[in-house]
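Structural features, examined
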Amino acid sequence: MLTHDEIRSAVEKAAEFHPIKTASYFGSYADGRATSGSDLVLLIEFDLPRVSLFVISAIKIELEDVLNVAVDVICVPLPKDSILEINRAVRVYG
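I will try to describe carefully the structure that is included in this document. If you're wondering where the values come from, they're calculated on a predicted model, not measured in any experiment.

Quick word on the environment of Leu53
In this structure, Leu53 sits in helix α3 (residues 53–67). As for Leu53 and Pro77, which are separated by 24 residues in sequence, their C-alpha atoms are 16 Å apart.

Some points on the sheet that holds strand β3 (residues 71–75)
For sheets, the rule is that strands pair by backbone hydrogen bonds, running either parallel or antiparallel. Strand order in the open sheet formed by four strands is β3-β2-β1-β4, with mixed pairing between adjacent strands. Both outer strands of the open sheet, β3 and β4 (89–93), are each paired with one neighbouring strand and no more. Put simply, the sheet's adjacent strands are angled 30 degrees from each other on average, direction ignored. Here five bridges tie strand β2 (residues 40–46) to β3, and the two strands are oriented parallel to one another. Among the inter-strand pairings, Leu42 is bridged to a residue of β3, identified as Val73.

Focus on α3
For α3, which comprises 15 residues, the first-to-last C-alpha distance of 21 Å matches the rise-based estimate of 21 Å (1.5 Å per residue) to within 8%. Those residues of α3 that fall on the buried side of the exposure criterion are Ile56, Ile59, Leu63 and Leu67. The buried residues of α3 occupy an angular sector of 60 degrees when projected down its axis, which confines them to one face. Opposite the packed face of α3, turned more than 90 degrees from it, sit the exposed residues Leu53, Phe54 and Asp65. Contact partners of the buried residues in α3: α1 (4–15), β1 (20–26), β2 and β3. One or two positions beyond α3, positive phi appears at Asn68, with a value near 60 degrees.

Some thoughts on the packing of α1 against α3
Direction vectors running N to C along α1 and α3 enclose 140 degrees, while the axes themselves pass 10 Å from each other. In terms of orientation, α1 and α3 fall into the oblique class. Handedness of the crossing formed by α1 with α3: right-handed. Counting all contacts with α1, which are made through Glu6, Ile7, Ala10, Val11 and Ala14, the residues of α3 involved are Leu63, Val66 and Leu67.

Focus on unusual backbone geometry
Omega for the peptide link from Val76 to Pro77 comes to 10 degrees, which places this bond in the cis form. Within the secondary structure, Pro77 sits in the loop between β3 and β4. Positioned with a positive phi, Asn68 is a non-glycine residue whose angle comes to about 60 degrees. Within the secondary structure, Asn68 sits in the loop between α3 and β3. Residue class for Asn68 comes out exposed when judged on its relative accessible area of 70%.

Cut-off values and rules
- Residues numbered from 1 in each chain as written.
- Predicted model: local features only at pLDDT ≥ 70, side-chain atom pairs only at ≥ 80, totals over all residues.
- Heavy atoms only, no water.
- Helix = DSSP H or I, 4+ residues; strand = E, 2+ residues; numbered from the N terminus.
- Pairing = 2+ DSSP bridges.
- Axes fitted to C-alpha atoms, helices over the stretch in contact; angles between N-to-C directions.
- Expected span 1.5 Å × (residues − 1).
- Buried < 20%, exposed > 50% of the residue type's maximum accessible area, 1.4 Å probe, protein only.
- Arc of directions from axis to C-beta.
- Contact = heavy atoms within 4.5 Å.
- Parallel < 35°, antiparallel > 145°, perpendicular 65-115°, else oblique.
- Left-handed = near helix turned anticlockwise from the far one by under 90°.

Coordinates in, geometry out; function isn't part of it.
So this is what it looks like as structure tokens:
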């Protein structure tokens with residue numbers, strides 16, 4: 001399982017090369033119930049009004065390589081009618 005500091009460090013490194021404004025994680029890692037099979041779900045806000053899927057995919061792949069876990073990247077802010085429920089998010093960047 002990853003520590004908060006490992007996640008923060010990896011996101012900070014990715015932000016050196018990508019337009020990341022803020023990043024937080026939620027789900028099992030934020031709730032303290034992550035297991036060795038848990039994926040990491042990140043909420044990322046970008047400095048640009050739009051980013052391509054290539055940028056999002058590059059961030060995902062880079063973080064997966066560094067952290068050695070599956071990573072999902074969700075762009076924020078979420079639309080008001082989003083079905084995604086976030087109980088707790090932990091900020092790691094920005």
